[in-house]
Amino acid sequence: GRKGETAGFDKEPILLSVGDVGHQKKEQQLVDQKEYKRTLAKLETMLEEKTLEALQMKETLLQHTSQRTQMRRLISRAKDRLRYQETSIKTLQQDKLRLEQSLAKFKRQARAEILQMRRRESEAKREAASVRQFYAEKSQQAGSGS
């Protein structure tokens, strides 16, 4: 091969007028290589940034998912409590209705008993009055008879 091409990158190649074209090719390759390495480094940096971004997004998504799960749990607990409260309210309403019905029944019974006692009282008063009248008449008859 020609001396200019075999010289390697670290040593300055010895150029012949015929080897000038080869030397320009080598220089262009070196420039291209440096450009390639620079581009590669940029791409690697971009890749790292995008990977970091993706990890952060994944973390955020996991947090949101976790928060959503917690919210679902809270909501279902709240619904359970609400159902329990509604059941309790229905039970209490039924108890109240039963008590009101019992109270009304007792009031009716009490009124009936009071009326019956008043009737008996007035009957007893009438009986007492008629007994008094009977004895009064008897004593008058006895008084007029002697």
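Relevant structure appears above.
### Side note on the overall build of the protein chain
Across its full length, the protein chain holds 2 helices and 0 strands. The buried share of the protein chain, reckoned over its 146 residues, is 3%. Of the accessible surface of the protein chain, which amounts to about 13,900 Å², a share of 57% is contributed by carbon and sulfur atoms.

### Side note on a nonpolar patch on the surface
Among the surface-exposed residues, Met-71, Leu-74 and Ile-75 lie close enough to one another that they form a single nonpolar patch of about 290 Å² accessible area. Structurally, Ile-75 is set in helix 2 (residues 20-145). Residue Ile-75 is classed as partly exposed on the basis of its relative accessible area of 45%.

### Quick look at the packing of aromatic side chains
Each pair of aromatic rings is reported with the distance of its centres and the angle of its planes. Scanning all chains against the criterion turns up 1 aromatic pair. For the pair Phe-134 and Tyr-135, a centre-to-centre distance of 5.5 Å together with 75° between the ring planes defines the contact as edge-to-face. Phe-134 gets classed as partly exposed once you look at its relative accessible area, which sits at 42%. A residue is classified by how much of its surface remains accessible, and Tyr-135, at 55% relative accessible area, is exposed.

### A closer look at the pattern of salt bridges
A full pass over the atoms with the stated rule returns 6 salt bridges. Note that Glu-35 and Arg-38 form a salt bridge whose closest N and O atoms lie 2.9 Å from each other. A residue pair is termed a helical-turn pair when its members lie 3 or 4 positions apart in one helix, as Glu-35 and Arg-38 do in helix 2 at 3 residues. The partly exposed category is assigned to Glu-35, whose relative accessible area is 42%. Classification of Arg-38 by relative accessible area gives partly exposed; the value is 47%. Between Lys-96 and Glu-100 there is a salt bridge; the shortest N-O distance is 3.8 Å. In this pair, Lys-96 and Glu-100 both sit in helix 2, 4 residues apart, roughly one turn of the helix. Among the residues examined, Lys-96 registers a relative accessible area of 52% and is labelled exposed. With a relative accessible area of 42%, Glu-100 lands in the partly exposed category.

Criteria and cut-off values
Residues numbered from 1 in each chain as written. Predicted model: local features only at pLDDT ≥ 70, side-chain atom pairs only at ≥ 80, totals over all residues. Heavy atoms only, no water. Helix = DSSP H or I, 4+ residues; strand = E, 2+ residues; numbered from the N terminus. Buried < 20%, exposed > 50% of the residue type's maximum accessible area, 1.4 Å probe, protein only. Areas by Shrake-Rupley, 256 points an atom, 1.4 Å probe, with all protein chains shown as cover. Patch = residues over 30% accessible without salt bridge, like charges linked within 9 Å, V, L, I, M, F, W, Y side chains within 5 Å. Salt bridge = Lys/Arg side-chain N within 4 Å of Asp/Glu carboxyl O. Phe/Tyr/Trp six-rings, centres within 6.5 Å; stacked < 30°, edge-to-face > 60°.

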